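# Descriptive analysis of the structure
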Amino acid sequence: MFYEPKVGLRNGGLPHNPFKAIVAPRPIGWISTRGPLGDNLAPYSFFNAVNDAPMQVMFAGGLKDSISNLRDSGVFAVNVVAESMMAQMNASSETVARGVDEFALAGVEKAECVAIDCPRVALAPATLECRLVHLLQLAGENWMAVGEVVGVHIREEYLRAGRFDLSLVRPAARLGYMDYAVVTAPFELVRPDEVGRTEA
């Protein structure tokens, strides 16, 4: 089948929009921010790394607490969601009034960042402390924030032979509809032009 999203049958006649199922799996950026009304924690599935020199990440969503807070503060933190944290991550996605602390709402232990004035998830396998580089309004109602990573937290128990071991982390990922996945069995595949090299 083929359809054009802006013309013809909505979703090509399918009962639900397949876009998020096609662009999957997507890592979950569990974004923490601090604003004038307090701390905020919310998961974003439109999240990814966009550069590694310097390290930069992006996330996108509506003009809610996360975007509003970082627009004022210029900083945010990205917390990795382990499989063991999925219930808390989901609880923090609830739409609540501004000023409600989702850390407390979801029972998430909070810690302070080091390089920026921002909370982070204390027990997250890893956290990226970020300074805002770009804030772009997208077509429609969403905004995209791009941040440079200025600090990295890694919990020691997720390191094996000097590598951040995803088989230990078992990070959660977002699929389409109400579906999620967990990375359980990473494997190595070396590109032909990188045989004999080690990833930097």
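Before any of the text, the structure's been laid out above.
These numbers were taken from a predicted model, which means no experiment stands behind them.

What follows concerns the environment of Ala 181. Among the structural elements, Ala 181 can be located in strand 14 (residues 180-182). A residue is classified by how much of its surface remains accessible, and Ala 181, at 27% relative accessible area, is partly exposed. As a C-alpha pair, Ala 181 and Arg 163 span 18 residues in sequence and 22 Å in three-dimensional space.

Adjacent strands of a sheet pair through backbone hydrogen bonds, lying either parallel or antiparallel. With antiparallel pairing, 7 strands are arranged side by side in an open sheet as 3-2-6-9-10-5-4. Single-partner strands in this sheet number two, and they are strand 3 (38-44) and strand 4 (47-52). Put simply, the sheet's adjacent strands are angled 30 degrees from each other on average, direction ignored. This element, helix 2 (residues 65-73), spans strand 2 (29-35), strand 3, strand 5 (55-61), strand 6 (75-79), strand 9 (126-137) and strand 10 (143-154) of the sheet and lies at about 55 degrees to strand 2.

On the surface, Phe 19, Ile 22, Val 23 and Phe 46 cluster together into a nonpolar patch covering about 380 Å² of accessible area. Structurally, the position occupied by Ile 22 is in helix 1 (residues 19-22).

On to the pairing of strand 2. When you tally the buried positions in strand 2, you get 7 out of 7 residues, the bulk of the element. Here strand 2 pairs with strand 3 via 7 bridges, running antiparallel. Residue pairing across strands places Arg 34 opposite Asp 39, the latter belonging to strand 3. In sequence, strand 2 turns back onto strand 3 through a hairpin of 2 residues. In this structure, strand 2 lies alongside strand 6, joined through 3 bridges in antiparallel fashion. When the bridges of strand 6 are listed, Ile 31 appears paired with Val 78.

Turning next to the sheet that holds strand 14. Strand order in the open sheet formed by 3 strands is 1-13-14, with antiparallel pairing between adjacent strands. A strand with exactly one partner marks an edge of an open sheet, and here the two such strands are strand 1 (26-27) and strand 14. Here strand 13 (residues 172-174) runs beside strand 14; their pairing, made up of 3 bridges, is antiparallel. In the strand pairing of strand 14, Ala 173 is matched with Ala 181.

Attention now moves to empty space enclosed by the protein. Per the stated rule, a full pass over the model turns up 1 cavity of 30 Å³ or more. In this model, the largest cavity occupies a volume close to 70 Å³. In terms of lining residues, the largest cavity is bounded by Gly 35, Pro 36, Leu 37, Gly 38, Asp 39, Asn 40, Asp 65, Asn 69, Arg 98, Gly 99 and Val 100. Looking at the lining of the largest cavity, the elements that each hand over two or more residues are strand 3 and helix 2. The greatest single-element share of the lining of the largest cavity, amounting to 3 residues, is contributed by strand 3. Within the lining of the largest cavity, the residues separate by chemical class into 3 nonpolar, 5 polar and 3 charged.

This part is about the side chain of Arg 34. Within the fold, Arg 34 resides in strand 2. Here Asp 117 takes part through its side chain, which lies 2.6 Å from a polar atom of the side chain of Arg 34.

On to the packing of aromatic side chains. Evaluated as defined, the whole model comprises 2 aromatic pairs. For the ring pair Phe 59 and Phe 76, a centre distance of 5.2 Å and an interplane angle of 70 degrees mean the geometry is edge-to-face. Here Phe 76 lies in strand 6 and Phe 59 lies in strand 5, a separation of 17 residues in the sequence. When its relative accessible area of 0% is taken as the criterion, Phe 59 is described as buried. Members of the aromatic cluster, connected to one another through ring pairs, are Tyr 44, Phe 59 and Phe 76. The residue whose ring lies beneath Arg 26 is Phe 46, and the NZ or CZ to ring-centre distance is 5.4 Å.

Rules of the game
- Residues numbered from 1 in each chain as written.
- Predicted model: local features only at pLDDT ≥ 70, side-chain atom pairs only at ≥ 80, totals over all residues.
- Heavy atoms only, no water.
- Helix = DSSP H or I, 4+ residues; strand = E, 2+ residues; numbered from the N terminus.
- Buried < 20%, exposed > 50% of the residue type's maximum accessible area, 1.4 Å probe, protein only.
- Pairing = 2+ DSSP bridges.
- Axes fitted to C-alpha atoms, helices over the stretch in contact; angles between N-to-C directions.
- Contact = heavy atoms within 4.5 Å.
- Patch = residues over 30% accessible without salt bridge, like charges linked within 9 Å, V, L, I, M, F, W, Y side chains within 5 Å.
- Areas by Shrake-Rupley, 256 points an atom, 1.4 Å probe, with all protein chains shown as cover.
- Salt bridge = Lys/Arg side-chain N within 4 Å of Asp/Glu carboxyl O.
- 1 Å grid on protein atoms, 1.4 Å probe; cavity = no way out; pocket = protein on both sides within 12 Å on 5 of 7 lines; lining within 4 Å.
- Points joined across faces, edges and corners; volume = space filled by probe spheres on them.
- Nonpolar A, V, L, I, M, F, W, Y, C, P; charged D, E, K, R; others polar.
- Polar contact = N/O pair within 3.5 Å; in protein donor to acceptor, adjacent residues only side chain to side chain.
- Phe/Tyr/Trp six-rings, centres within 6.5 Å; stacked < 30°, edge-to-face > 60°.
- Lys NZ or Arg CZ within 6 Å of the ring centre and 35° of its normal.

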